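# Structural overview for review
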Amino acid sequence: MMPDNPFNRLAPFIQEYIYQAGWAELRDIQMQATQAILDTPNHVLISSSTASGKTEAAFLPILTDLYNRPSKNIGVIYIGPLKALLNDQFQRLQDLLKQAAIPVQNWHGDVQQSKKTRFLEHAQGILQITPESLEALLMLHQAESTHMFGDLRFIVIDEVHAFIGSDRGQQILCQLQRLARYQSKPPRRIGLSATLGDPQQAMQWLADGTAMPVTLISDSTNRRNVMIGLEYFPELPAAFEKSLKHAQQTGDSAQTVILQRLEKSTQAFFQHLYAMTQQENKTLVFANTRGETEEIAVNLRALAEKDKRPDIYYVHHGSISASQRNTAEIAMKEADRPTCVVATITLELGVDLGQLDQVLQINATPSVSNFVQRLGRSGRRGNSSRMFFYSREIPLDDQTPLEKRLPWNLLQTIAIIQLYLDEKWIEPSETRQLPFSLLYHQTLSCIKASTELTPSELAEQVLTLAPFANVTEEQYRLLLRHLLEIRHLERMETGGLIIGLAGEKIVNDYHFYATFKDEVAYHVRDGSGEVGTVQTAPKQGDRFALAGRTWKVLDIDSKRQVISVEQAEGKANALWLGSVKQLHRRILQRIRQVLQEDTEYGYLQEQAKKRLAEARRIARQHDLMGKQLLLLDDNRYLILPWEGTRTLEAVIMLLKQQGINVSDSGLPFYLEITMPGVAIKEVRQALEQIVLHPPPANSLIATLPRESLEKDKYDTFVPENLLQEAFAANQLDIKAAIDTLRQIVKASERDSSA
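In this text the structure is predicted, and so the values were computed from the model without any measurement.

Cut-offs and rules
Residues numbered from 1 in each chain as written. Predicted model: local features only at pLDDT ≥ 70, side-chain atom pairs only at ≥ 80, totals over all residues. Heavy atoms only, no water. Helix = DSSP H or I, 4+ residues; strand = E, 2+ residues; numbered from the N terminus. Rg over C-alpha atoms; globule rule 2.2 N^0.38 Å. Buried < 20%, exposed > 50% of the residue type's maximum accessible area, 1.4 Å probe, protein only. Contact = heavy atoms within 4.5 Å. Salt bridge = Lys/Arg side-chain N within 4 Å of Asp/Glu carboxyl O. Core = buried A, V, L, I, M, F, W, Y, C linked by side-chain atoms within 4.5 Å. Pairing = 2+ DSSP bridges. Axes fitted to C-alpha atoms, helices over the stretch in contact; angles between N-to-C directions. Phe/Tyr/Trp six-rings, centres within 6.5 Å; stacked < 30°, edge-to-face > 60°. Parallel < 35°, antiparallel > 145°, perpendicular 65-115°, else oblique. Nonpolar A, V, L, I, M, F, W, Y, C, P; charged D, E, K, R; others polar. Disulfide = S-S within 2.5 Å. Expected span 1.5 Å × (residues − 1).

## A look at the overall build of the chain
Within the chain, the secondary structure is distributed over 28 helices and 24 strands. Against the compact-globule benchmark of 27 Å for 754 residues, the chain has a radius of gyration of 28 Å, which places it among compact chains. Taken over the C-alpha atoms alone, the chain extends approximately 80 × 65 × 65 Å along its principal axes. Buried positions account for 53% of the 754 residues belonging to the chain. Considering only residue pairs separated by 6 or more positions, the chain has 73% of its internal contacts joining residues 24 or more positions apart.

Dropping the structure here:
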């Protein structure tokens, strides 16, 4: 029982806002947060499901503090991972602050420079910003930093789970410590998240670099009903059109019938998806790649046109122009306007899309965390969360090898759903122990901000930042010497260090502010302006998909990297590259359990049930749960480790060092090794030798080419010996790999003795 009603402690303009908005009462999490923020000096971590009022839980007491004790300059910094989220929160705060004299400024790459300049002249109130724009402020406005941040009291970090374990998250920790140097009393940190796998880990991250404790606030009372469905559909292979044309030209009627039947089945997927989007007012379709979003939107639009129905379809991803993304967000928020947006992760986080009726997911989400976030996008305003999965797969034929006969995507989807429904498990984050790319970045950022620093001043500023706790002074000396050699730094006669000629080209480019890798981007423009960007350059006359439409290339300006286009008819491929799938070991182990058990999952639809039953039959027929080493043919062997991607990458390194030919095309589900003329007993013995006599990590790493060591954006500027040390600390898990091989050997021994 709280001694005072938290509502009565809020500023009068907030009480009036709550009354006008028709709130019956504050939610439990908002009452807890009000007490924690107003009555303790602690950092606060607010963990609650999507649409549970986390943002208000943080800002209602924070704004009350600013109202009662107006800040002399910027009193609050709100850090968000996406521009769309910042735009959404900016509008929400403006509505809340209409009756208060507390200014709020949105700040990212799409905000006009004139607005930023005016805000800097009278910096006060609330600053909403991305990590990249905050880096620019710290670098380019150090002289005004005390004026801007001297009375900074709170730093709100939204979607904390999106930052923990990433270079971007470590960059934020550096920024927070650098900001604290301008205040007599360091600001408190308020973290928000709906998807925490390990709250203790998140609390530790939030407090990193400070001595202040963290108060955890979670809302265990906020439970909502969940409705989930999963159906299986065939997918056309990449060479389908070529295969069909060849079959028709050669008169292969049987093959033609098979391919046409497959095409009809694939069309059934788009018809089902189309029907789902037409039956509800607001639908958000998630795909895992930009190429998939384009394919889906083009097909849905074509079906609507054929059906003479309104075009309600939009695309939203990082390569779409800001104006088109904004158009999609506005359409989704208009209550009486039927809308379907096909998106990637750009709409996964936080943006309030109004009354979203359902979420449709194409193929398995990349992680359990992604599943939980996307599920939470629907079900706001007290309704059930509705999410329907489509598992697509190139169908089997008589020639399909054993390792590809299992529907890995379907199995991954089920495993992810069950891990959360049964255990509420979400992946913990992993933090790099030696983030040398970030060390390079912060070194140049600090020197640029100060113009010149002595090596000791530089070490004091940089090595005391929390992310570099494991970096030794000797390692830092090696990095600085290397940067002097490649002219990214220059030593003055006074002994001070400044940015060198080569370094100036790096730090003076706006891309420097980001710690994530830049994509090669070709800007696509039609007569009305920017459409978006693509990664690979087409040829003049080519057609490609972007923003859910098909475009014909009119002209390519290679120097300016601008592609001029006009809208065209028909379907086309998207111009983006894929990425390697990373899965946690728990997901692989749950896939194994799905194959082992006879459980019937209530959310499976007819075709998904049949495909799972077939997969279980295949797994039992070949004892895939018991055997981990199987003979495929005279030359090839299949390894089923049931381990995560990181462990399998170490296993591959161990096998290759022993001269074993291994393919990672099945990663992370299986490995395939080729050993001509070798019996399975000899294969087992080869694996056993690795287990008994594992090579030292440094000998493994020494065989890697430099490009394999360069994992992060600025690794290209880090000396190779430091990259090798970082790889050993951050990437290579020899122990887990040896344990995995030991288990495979034991399983093979049991199999041979049975």
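## Quick word on the pattern of salt bridges
Within the structure shown, the criterion is met by 40 salt bridges. Arg590 is the salt-bridge partner of Glu597, the closest N and O atoms lying 3.5 Å from each other. The pair Glu597 / Arg590 is uniform in exposure class, with both members buried. A single network of salt bridges, built from pairs that share partners, joins Glu56, Asp88, Arg92 and Lys333.

## Some points on the nonpolar core
Core analysis: the largest hydrophobic core is formed by 94 residues, its most contacted members being Leu63, Ile126, Ile190 and Phe371. The leading source of residues in this core is helix 16 (residues 408–423), at 9 residues. Ranked by size, the runner-up nonpolar core spans 66 residues in total, among them Leu439, Leu480, Leu704 and Leu732.

## Overview of the pairing of strand 9 (residues 282–286)
Along strand 9, 5 of the 5 residues are buried, which leaves the element largely enclosed by surrounding structure. Judged by which residues are buried, strand 9 turns out to be covered on both faces: Lys282, Leu284 and Phe286 on one side and Thr283 and Val285 on the other are all buried. Bridging between strand 9 and strand 11 (residues 339–343) involves 5 bridges; their strand directions are parallel. Bridging from a neighbouring strand, Leu284 pairs with Val341 of strand 11.

## What to know about the sheet that holds strand 8 (residues 226–234)
Spatial ordering of the open sheet is given by 8-13-12-9-11-10, a layout of 6 strands whose pairing is parallel. Two strands bound the open sheet, and with one partner strand each, they are strand 8 and strand 10 (313–316). Between one strand axis and the next, the sheet turns by 20° as a mean value, whatever way the strands run. Sheet topology note: the strand 9/strand 12 (residues 358–362) ladder contains 4 bridges and is parallel. Looking at the pairing, Phe286 lines up with Gln361 of strand 12. Contacting strand 9, strand 10 and strand 11, helix 14 (residues 322–333) runs over the sheet at an angle of about 130° to strand 10. On the sheet, helix 22 (residues 606–621) packs against strand 8 and strand 13 (385–393) and is oriented at approximately 70° with respect to strand 8.

## Concerning the packing of aromatic side chains
In the structure shown here, the tally under the stated rule is 18 aromatic pairs. Measuring from centroid to centroid gives 4.9 Å for Trp408 and Phe669, while their planes differ by 15°, and the two rings are stacked. Separated by 261 residues along the polypeptide, Trp408 in helix 16 and Phe669 in the loop between strand 23 (661–663) and strand 24 (671–674) bring together distant segments of the chain. With a centroid separation of 5.1 Å and 35° between ring planes, the pair formed by Tyr440 and Phe717 is classed as tilted.

## Some details on the sheet that holds strand 23
Spatially, 21-22-24-23 is the arrangement adopted by the 4 strands of the open sheet, whose pairing is antiparallel. Across the chains shown, the open sheet's two edge strands, defined by having one partner strand only, are strand 21 (629–631) and strand 23. Sheet twist, expressed as the mean angle between neighbouring strand axes with direction ignored, is 30°. Against the sheet, helix 23 (residues 645–657) makes contact with strand 22 (636–639), strand 23 and strand 24, and its axis sits at roughly 5° relative to strand 24, the strand it touches most. Helix 24 (residues 680–692) rests against strand 21, strand 22 and strand 24 of the sheet, and its axis sits at about 150° to strand 21.

## A short note on unusual backbone geometry
Following Leu667, the chain continues to Pro668 via a peptide bond in cis, the omega torsion being 5°. Notably, Glu159 is not glycine yet its phi reads approximately 55°, a positive angle. Positionally, Glu159 belongs in the loop between strand 5 (154–157) and helix 9 (167–180). In this structure, Thr451 takes a positive phi of about 75° despite not being glycine. With respect to the helices and strands, Thr451 occurs in the loop between helix 17 (436–450) and helix 18 (455–462).

## As for the packing of helix 16 against helix 22
Direction vectors running N to C along helix 16 and helix 22 enclose 105°, while the axes themselves pass 10 Å from each other. In terms of orientation, helix 16 and helix 22 fall into the roughly perpendicular class. Together, Leu410, Leu411 and Ile414 of helix 16 and Ala608, Arg611 and Leu612 of helix 22 make up the contact between the two elements. For the contact of helix 16 with helix 22, the per-class residue count stands at 5 nonpolar, no polar and 1 charged.

## Notes on the pairing of strand 12
Burial within strand 12 is extensive, with 5 of its 5 residues counted as buried. Side chains of strand 12 alternate between two faces, with Gln358, Leu360 and Ile362 and Val359 and Gln361 buried alike. As paired elements, strand 12 and strand 13 share 4 bridges and run parallel to each other. Bridge assignment links Gln361 to a residue of strand 13, and that residue is Phe389.

## A short note on the state of the cysteines
Applying the stated criterion to the full structure yields 0 disulfides. With no disulfide of its own, Cys174 lies 8.0 Å from the sulfur of Cys446, the closest cysteine sulfur. Accessibility expressed as a relative area gives 0% for Cys174, which makes it buried.

## Some thoughts on helix 17
Between the first and last C-alpha of helix 17 there are 21 Å, a value that for 15 residues agrees with the 21 Å anticipated at 1.5 Å per step. The buried count for helix 17 comes to 13 of 15 residues, which makes it a mostly enclosed element. Thr451 sits one or two positions beyond helix 17 and adopts a positive phi of about 75°.

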